[in-house]
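Residue-level structural notes
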Amino acid sequence: MGLDLKIFCSTDTQDIETWLKKHIDITKEKKVLHIVPTLILYRRRLQFYKLLYSNDFYGLKLNKIEQKLRQEYVGLYEMDQFFQELIIKSNLTVLSKRESSIIVERILQQNEVTNNLAWKSSIQEITDCFLMLSQTGLNIQEIRNLDQTPSWQTICDLYETYLNELIKQNVLDFGQASIMLLQEHNFRDYEMLILDGAFL
C-alpha cells in the first residue's frame, strides 16, 4: 500500500485546528502521530486537544493530560521530544547534548587553529551545528561539498575529528541516534502521521 501524502498550508493556525477537528478519528484502532517543530506550537496543540476532549481531561494536571492524550488519542510530540522518546526506548548508547559539547570543547583545545577564546566562546553553537549535521544523514564528504570556503572546510575538519571521537568511544550523538531510529521506526502502527508547522 502506497503512502497517501497530503499537504495543507495556511498562515492561520486555526485553519489547521479546524482541519484536525474534521479529520482525526479517535475511534479507530490505530492512533494518530502528530509532530510539531517547536514547544510553542506543542503547547498550542496540547491546549487544542485538551479542549477538544475536555470531558476526558477534566480535573487532570498537564502532565497527566499529556500521558492520557498519547496513550489513548493522539501521539502529540515536539520533534525533539519524539526523538528523545525513541532514544530512551532503544538500546543505543547516546551522548547527551552536554556530553557532546564537552567533546567539542576538547577538540577545539587540541587544534592550533581553534585553541583560542573566539572559538571557545562558540562551543554551544558549534555543538548545535554538529548535531544538525549528524541529523542530516550525510557523510563527511557530502557535507564538505556543500561549500568550498576555508571556514566551512575548517568546520568540516572539526566535525570529522568529532565523528572519529564518537567512533573511538563507541557512542552516538543525539543527531546520529535520531536519524537511525527514525529510519527504523515502524510508522505503520499509526493511522495518520501529521507533521504540523514550519519544519523547513
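Structural notes, computed from the coordinates. (Residues numbered from 1 in each chain as written. Predicted model: local features only at pLDDT ≥ 70, side-chain atom pairs only at ≥ 80, totals over all residues. Heavy atoms only, no water.)

**Re the overall build of the protein**
On a plain count of helices and strands, the protein comes out with eleven helices and three strands. Counting helices and strands in the order they occur from the N terminus, the protein gives α-β-α-α-α-β-α-α-α-α-α-α-α-β. For the protein, the spread of C-alpha atoms along the three principal axes comes to 60 × 35 × 30 Å. Residue burial in the protein is summarised as follows: out of 200 residues, 35% are buried. Treating the 22 positive side-chain charges of the protein as one cloud and the 27 negative ones as another, the clouds have centres 7 Å apart. (Helix = DSSP H or I, 4+ residues; strand = E, 2+ residues; numbered from the N terminus. Buried < 20%, exposed > 50% of the residue type's maximum accessible area, 1.4 Å probe, protein only. Lys, Arg positive; Asp, Glu negative; His and termini not counted. Charge placed at Lys NZ, Arg CZ, Asp CG, Glu CD.)

**A short note on the pairing of strand E2 (residues 74-78)**
A large share of E2 lies buried, amounting to five of its five residues. The two faces of E2 match: Val-74, Leu-76 and Glu-78 on one face and Gly-75 and Tyr-77 on the other face are all buried. Here strand E1 (residues 31-36) runs beside E2; their pairing, made up of five bridges, is parallel. Following the sheet pairing, Ile-35 is matched in E2 by Tyr-77. (Pairing = 2+ DSSP bridges.)

**Topic: the sheet that holds strand E3 (residues 190-195)**
Read from one edge of the open sheet, three strands run E2-E1-E3, paired in parallel fashion. At either end of the open sheet lies a strand with only one pairing partner, and these are E2 and E3. In this sheet, neighbouring strand axes are inclined to one another by 15° on average, regardless of whether the strands run parallel or antiparallel. Of the strand pairs in this sheet, E1 and E3 are connected by five bridges, and their pairing is parallel. Bridged to Leu-33 within E3 is Leu-193. Along the sheet, helix H2 (residues 39-52) contacts E1 and E2; its crossing angle with E2, the most-contacted strand, is approximately 155°. Contacts between helix H4 (residues 62-73) and the sheet are confined to E1 and E2, with E2 contributing the most and set at about 130° to the helix. (Axes fitted to C-alpha atoms, helices over the stretch in contact; angles between N-to-C directions. Contact = heavy atoms within 4.5 Å.)

**Overview of H4**
Taking 1.5 Å per residue, twelve residues should reach 16 Å; H4 reaches 15 Å between its end C-alpha atoms and fits that length. Every buried residue of H4 is listed here: Ile-65, Leu-69, Arg-70 and Tyr-73. Down the axis of H4, the smallest arc covering the buried residues is 125°, so these residues share one side. (Expected span 1.5 Å × (residues − 1). Arc of directions from axis to C-beta.)

**Looking at the side chain of Thr-114**
Its location among the elements puts Thr-114 in the loop between helix H6 (97-110) and helix H7 (117-120). Overall, the relative accessible area of 0% leaves Thr-114 in the buried class. Here Leu-108 takes part through its backbone oxygen, which lies 2.9 Å from a polar atom of the side chain of Thr-114. If near-sequence neighbours (up to four positions away) are discounted, Thr-114 is found in contact with Ile-107, Leu-108, Trp-119 and Leu-158. (Polar contact = N/O pair within 3.5 Å; in protein donor to acceptor, adjacent residues only side chain to side chain.)

**Some points on the nonpolar core**
If you look at the biggest cluster of nonpolar residues, it comprises 32 residues, and the most contacted ones within it are Phe-82, Val-104, Phe-130, Tyr-159 and Tyr-162. When contributions to this core are tallied by element, the ones reaching two or more residues are E1, helix H5 (79-89), H6, helix H8 (123-136), helix H10 (150-169) and helix H11 (174-184). With eight residues, the top contributor of residues to this core is H10. Phe-82 has contacts with Leu-33, Ile-35, Tyr-77, Leu-182, His-185 and Phe-187, leaving out every residue within four places of it along the chain. Of all hydrophobic cores here, the second largest spans 18 residues; its members include Ile-24, Tyr-53, Val-74 and Leu-76. (Core = buried A, V, L, I, M, F, W, Y, C linked by side-chain atoms within 4.5 Å.)

Purely spatial values, then, with no claim about function.
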